[in-house]
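# Residue-level structural notes
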Amino acid sequence: MTLYDDAVLVLKDIEGQEELRQAYLDHLQAHPDGMWKACTAGHVTASALVIDPERGRVLLTLHKKLRMWLQMGGHCEPGDTTLEAAALREATEESGISGLTLLPGGPVRLDRHPIPAPCHWHFDVQYAAMAEPGAVQAISDESLDLRWFAYDEVAQVADNSVVRLLDATRARL
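My aim in this report is to walk through the structure given alongside it, one point at a time. What you are looking at is a predicted structure, and each value in this text was computed from that prediction instead of being measured.

How each quantity is defined
Residues numbered from 1 in each chain as written. Predicted model: local features only at pLDDT ≥ 70, side-chain atom pairs only at ≥ 80, totals over all residues. Heavy atoms only, no water. Helix = DSSP H or I, 4+ residues; strand = E, 2+ residues; numbered from the N terminus. Rg over C-alpha atoms; globule rule 2.2 N^0.38 Å. Buried < 20%, exposed > 50% of the residue type's maximum accessible area, 1.4 Å probe, protein only. Contact = heavy atoms within 4.5 Å. Lys, Arg positive; Asp, Glu negative; His and termini not counted. Charge placed at Lys NZ, Arg CZ, Asp CG, Glu CD. Core = buried A, V, L, I, M, F, W, Y, C linked by side-chain atoms within 4.5 Å. Phe/Tyr/Trp six-rings, centres within 6.5 Å; stacked < 30°, edge-to-face > 60°. Pairing = 2+ DSSP bridges.

Looking now at the overall build of the protein chain. Along its length, the protein chain carries 5 helices and 8 strands. Helices (α) and strands (β) of the protein chain occur, in sequence order from the N terminus, as α-α-β-β-β-β-α-β-β-β-β-α-α. Whereas a compact globule of 173 residues would reach a radius of gyration of roughly 16 Å, the protein chain reaches 15 Å, a difference of no more than 12%. Expressed as a percentage of its 173 residues, the buried residues of the protein chain come to 49%. Put simply, 66% of the contacts in the protein chain that link residues at least 6 apart link residues at least 24 apart. Charge centroids of the protein chain, computed over 15 positive and 26 negative side chains, lie 5 Å from each other.

This is the structure:
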């Protein structure tokens, strides 16, 4: 099974966000290369909110290019066999934390957002990754900073997409 095939299956199984989910599926049907950064009409990305539920906090990265506090995530790569694998790889690489595990139940939510040219859209499939108690982060070269925030601090530093992801993650917990 290809990453494209996995993405279609994952998207078909997501409950809720029906209109947005259908937009993702329509995009992939119209763009067989829609999993890859080279697809300038937009492409699927995979992200994960790193969470420490025992301490009521999340790890956010200050994105180097966007200069915004965001969850870990990014573009799919040729070695990724599933969206879950891509999200876990991105979370591990950008957080520096080994041993992350994805919250069961598949993606937590979807978030489509415009991005600067030459591309137009990121069709982000968002997961949540659980950190072991006492996990220590290590900043990557993709970040300006990496910091734990209490749940109630997130709305003060991050945009609404991150707040919605945290809310959906907490509801699933």
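A few words now on the nonpolar core. With 34 residues, the main nonpolar core has L11, M35, V50, L83, V125 and Y127 as its most contacted residues. For this core, the secondary-structure elements that each account for two or more residues are helix 1 (3-13), helix 2 (18-30), strand 1 (43-52), helix 3 (83-95), strand 7 (121-130) and strand 8 (143-150). When neighbours within four sequence positions are excluded, L83 is seen to be in contact with L3, D6, A7, V10, M35, V44, A46, C76, V125 and Y127. Ranked by size, the runner-up nonpolar core spans 18 residues in total, among them L60, W69, A158 and L165.

Counted according to the given criterion, the structure contains 2 aromatic pairs. Plain terms: the ring middles of Y24 and F123 are 5.1 Å apart, the flat faces sit at 90° to each other, and that makes the pair edge-to-face. With a gap of 99 residues between them, Y24 in helix 2 and F123 in strand 7 connect regions that are remote in the sequence. The class for Y24 is buried, based on a relative accessible area of 1%. The interplanar angle of 75° and the centroid separation of 5.0 Å between the aromatic rings of W69 and F149 together place this pair among those described as edge-to-face. Here F149 lies in strand 8 and W69 lies in strand 3 (residues 69-70), a separation of 80 residues in the sequence.

To continue, consider the pairing of strand 6 (residues 109-114). Where a strand is regular, its side chains alternate between the two sheet faces. Pairing of strand 6 with strand 7 involves 6 bridges; the strand directions are antiparallel. Across the sheet, P114 pairs through a bridge with W121, a residue of strand 7. In textbook terms, the turn of a hairpin is the stretch between consecutive antiparallel strands, and for strand 6 and strand 7 this stretch comprises 6 residues.

In short, the description is geometric, and any link to function would need to be established separately.
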